[in-house]
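Coordinate analysis (summary)
In case you want the letters, here they are:
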Amino acid sequence: MTSSALICETEPWKDLKVHVDDIKKTHLRELMSDTKRCQSMMVEFDGILLDYSRQCATLDTLNKLKNLAEAAHLKEKINRMFNGERINSTENRSVLHVALRAPKDSVINSDGKNVVPDVWQVLDKIKDFSERVRSGAWVGATGKLLKDVIAIGIGGSFLGPLFVHTALQTDTEAAEFAKGRQLRFLANVDPIDVARNITGLNPETTLVVVVSKTFTTAETMLNARTLREWISAALGPQAVAKHMVAVSTNLTLVEKFGIDPNNAFAFWDWVGGRYSVCSAVGVLPLSLQYGFAVVEKFLKGASSIDQHFHSAPFEKNLPVLLGLLSVWNVSFLGYPARAILPYSQALEKLAPHIQQVSMESNGKGVSIDGVPLPYEAGEIDFGEPGTNGQHSFYQLIHQGRVIPCDFIGVVKSQQPVYLKGELVSNHDELMSNFFAQPDALAYGKTPEQLLKENVPEHLITHKTFSGNRPSLSILLPSLNAYSVGQLLAIYEHRVAVEGFVWGINSFDQWGVELGKSLATQVRKQLHASRKKGEAVEGFNFSTTSVLKRYLEASADVPKEDCTILPKM
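Note that residues are indexed from 1 along each chain, following the sequence as it is written. Since the coordinates come from a predicted model, pLDDT governs what is reported: local features require at least 70, and pairs of side-chain atoms require 80 or more to be given and counted, while whole-chain, interface and lining totals use all residues. In computing side-chain values, all of the structure's heavy atoms are included and hydrogens and water are not.

Before going further, it helps to examine the pairing of strand S7 (residues 206-211). For a regular strand, side-chain orientation follows a simple rule: the groups alternate between the two sheet faces. Most of S7 is tucked away, with six of its six residues classed as buried. For every residue, the accessible area obtained with a 1.4 Å probe (protein chains only) is divided by the maximum for its type, and the residue is called buried under 20%, exposed over 50%, and partly exposed between those limits. The way it works is that DSSP assigns letters per residue, a run of H or I at least four long becomes a helix, a run of E at least two long becomes a strand, and they are numbered from the N terminus. Neither face of S7 is left uncovered, since the one carrying Thr206, Val208 and Val210 and the one carrying Leu207, Val209 and Val211 both have all their residues buried. Bridge count for strand S5 (residues 148-152) against S7 is five bridges, and the pairing is parallel. Looking across to S7, one finds that Ile150 is bridged to Val208. Strands were regarded as paired on the criterion that DSSP finds at least two bridges between them.

Next up, the structure:
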């Protein structure tokens, strides 16, 4: 396949298109009765079990998908990523988030230079700084221990670290290291988010981490200036250097802001925002909360999957199998959405993070060469922990649209509960649902079964479940820093596989730019109208009308230049 050819023009793609008719004639009830097939659709690596036997696929489907991977040069593309080639061609950048968690003795090159020593230089600096803060060797301006951390960042600078933090909060080892400490995330430019973050905190005991690669991200820098004012108002402007640090590459703007450049932690242009949780973006705030030793285990879990992804044959490669099945569901079976359903409350922020990793990466309408795609690419991701989701949107999944599901279960609960006299433990009750739901989706319930149960005839159609709804199950042995790292890397690489097969650039995000540039025009108008009384102009009728309504209804805001902080 030449670089400008589309994957849909290849024989394996056409072969799969024909194959769809065979699959649509076969129900999962029939497929699940084939023990040999089910057995071959279970894959294990490093304690993680993947069961994809409830996908609407046969062994022949898998072979055809493997042929598609070969036609897409998947192995070559994976190697090019690990070799530091500039596979993000629209931004002319390498894609090396795998280097962020590589062992110290690894060699991963970008532009002929091994970047691993640079990564570890920053990791060692984070280890030293976080240990000084946690031990009290580094204190605030008034000599008090900095026990509370607010990390300011948005998008990839927030969703990934929040997912990891939420997953570790109830892990017994991590929780022990976090005793007496708080970690909060300020992302939204909405002042309510500021109010919620500073409520109950004392500036004397608070350290603020400002995460912005360029130190120019509009929302992040406005929030940073707001918290700088909060600190300065309480402790004086000279306290900023003791209470604020940065994750950035723009040392000039960091210093201009009032932060000591020695307290800036670097990352590189080969780290995309949504893939940056293993850089200082996530490692610094997480190390301040849990200690570097815990966070290092998280990095090791991710690295384990990186090596597996790079070296395992496709038929045993977890991210490759997951990615190929996603391509099958989206582009061939016509199922554009995916539900991420972790049966662990600790994973409640997994779906929002993967939503960004997946939808910002693969939400593209043109190939990597700029050719409009004549096929569907990208998934609509959403999810909620079980069993909460069952009482929310599973109705649609069971009897409405077909939405392939990822069920994620954990063998051992982080916080087990056993009650005398109960039939099962609380965790077993949760896991009963984890095991039941995939079968309910696969098998459904027929009118004949309902008649045997004496269901009234007028309710038969209402209570019929068609079944044949695909899902897969991932079983983790436990949920700790290591397995959280594994899970993160599995999803990151799965998204890359999809993009590699679809022939798109999964590592740029031009779609976020247009709205930002239009917001700049609105910002200027609001300033001109508020401060100079200028009329609203230069917008279409609808925007002009609603803008006027907004300005008129909020005319009581202060006209003079002043500082007012939340009063919660």
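This is not the end of the story, as more comes after the structure.
The five strands are arranged S6-S5-S7-S8-S9 in an open sheet whose pairing can be described as parallel. At either margin of the open sheet sits one strand with a lone partner, and together these are strand S6 (182-186) and strand S9 (264-265).

Further remarks concern the pattern of salt bridges. Here, a salt bridge means any Lys or Arg side-chain nitrogen found within 4 Å of an Asp or Glu carboxyl oxygen. One pass over the structure, following the stated rule, counts 27 salt bridges. Taking the shortest distance from any N to any O, the salt bridge between Arg54 and Asp51 comes out at 3.0 Å. Classification of Arg54 as buried rests on a relative accessible area of 12%. Judged by its relative accessible area of 10%, Asp51 falls in the buried class. Between Glu453 and Lys445 there is a salt bridge; the shortest N-O distance is 2.9 Å. Linked through salt bridges whose partners overlap, the residues forming this network are Arg338, Glu379, Asp381, Asp406, Arg494 and Glu498.

Along the chain, Val210 turns up in strand S7. Spatially, the C-alpha atom of Val210 lies 18 Å from that of Val164, the residues being 46 residues apart in sequence. Residue contacts are counted whenever heavy atoms from the two residues lie within 4.5 Å of one another. Those residues in contact with Val210, other than ones at most four positions away along the chain, are Ile152, Phe215, Thr220, Met221, Ala224, Met244, Val245, Ala246, Val247 and Ile259.

Here the focus is the packing of aromatic side chains. Aromatic rings from Phe, Tyr and Trp, with only the six-membered ring used for Trp, were paired whenever their centres fell within 6.5 Å, and each pair was classed as stacked if the ring planes differed by under 30 degrees, edge-to-face if by over 60, and tilted otherwise. Per the counting criterion, the structure on display carries 16 aromatic pairs. Measuring from ring centre to ring centre gives 5.7 Å for Tyr275 and Phe507, while their planes differ by 50°; the resulting arrangement is tilted. Of the two residues, Tyr275 is situated in the loop between S9 and helix H13 (280-290) and Phe507 in the loop between helix H21 (481-502) and helix H22 (513-532); the sequence distance between them amounts to 232 residues. Across the pair, exposure class does not vary: Tyr275 and Phe507 are buried alike. Site record: aromatic cluster; members linked through ring pairs are Trp13, Trp328, Phe332 and Tyr375. Lysine and arginine charges are scored as sitting over a ring when NZ or CZ, respectively, is within 6 Å of the ring centre and within 35 degrees of the ring normal. Sitting above the plane of the Phe265 ring, Lys125 keeps its charged end 4.9 Å from the centroid.

By the burial criterion, the buried members of helix H9 (residues 191-198) are Asp193, Val194, Ala195, Asn197 and Ile198. Think of a polar contact as two N or O atoms within 3.5 Å of one another; within protein, one of them needs to be a possible hydrogen donor and the other a possible acceptor, and neighboring residues in sequence only count if both atoms come from side chains. Backbone nitrogen of Ile192 and a side-chain oxygen of the N-cap are separated by 2.9 Å at the start of H9; the cap is Asp190.

This brings us to the environment of Cys56. You can see Cys56 is positioned in the loop between strand S2 (48-51) and helix H4 (59-71). With a relative accessible area of 5%, Cys56 lands in the buried category. Distance from Cys56 to Pro404, taken between C-alpha atoms, is 9.6 Å for residues 348 residues apart in sequence. In this structure, Cys56 is in contact with Ile23, Leu28, Leu31, Trp328, Leu333, Asn468 and Pro470, ignoring residues within four places of it in sequence.

Turning our attention to unusual backbone geometry. Looking along the chain, the bond that leaves Gly386 and enters Thr387 is cis, with omega of 10°. The backbone of Asn454 sits at a positive phi, close to 60°, despite the residue not being glycine. Here Asn454 lies in the loop between helix H19 (447-452) and helix H20 (460-463). Relative accessible area serves as the criterion here: at 67%, Asn454 is assigned to the exposed category. Of note in the backbone geometry, Asn468 takes a positive phi value of approximately 60° without being a glycine. Topologically, Asn468 is positioned in the loop between H20 and strand S13 (471-478).

Next up on the list: the packing of helix H14 (residues 292-311) against H21. Lines fitted to C-alpha atoms define the axes here, with helix axes fitted over just the stretch in contact, and angles between the N-to-C directions of these axes take values from 0 to 180 degrees. Direction vectors running N to C along H14 and H21 enclose 40°, while the axes themselves pass 7 Å from each other. Of the two possible hands of crossing, H14 and H21 adopt the one that is right-handed. Between H14 and H21, the residues in contact are Val294, Lys297, Phe298, Lys300, Gly301, Ala302, Ser304, Ile305, Asp306 and Phe309 and Ala481, Tyr482, Val484, Gly485, Gln486, Leu488, Ala489, Ile490, His493 and Val497, respectively. Under the scheme applied, nonpolar residues are Ala, Val, Leu, Ile, Met, Phe, Trp, Tyr, Cys and Pro; charged residues are Asp, Glu, Lys and Arg; polar residues are all the others, including Gly. Residue composition of the contact of H14 with H21, grouped by class: 12 nonpolar, five polar and three charged. Should the near helix be turned anticlockwise from the far one by less than a right angle, the crossing is left-handed, and should it be turned clockwise, the crossing is right-handed.

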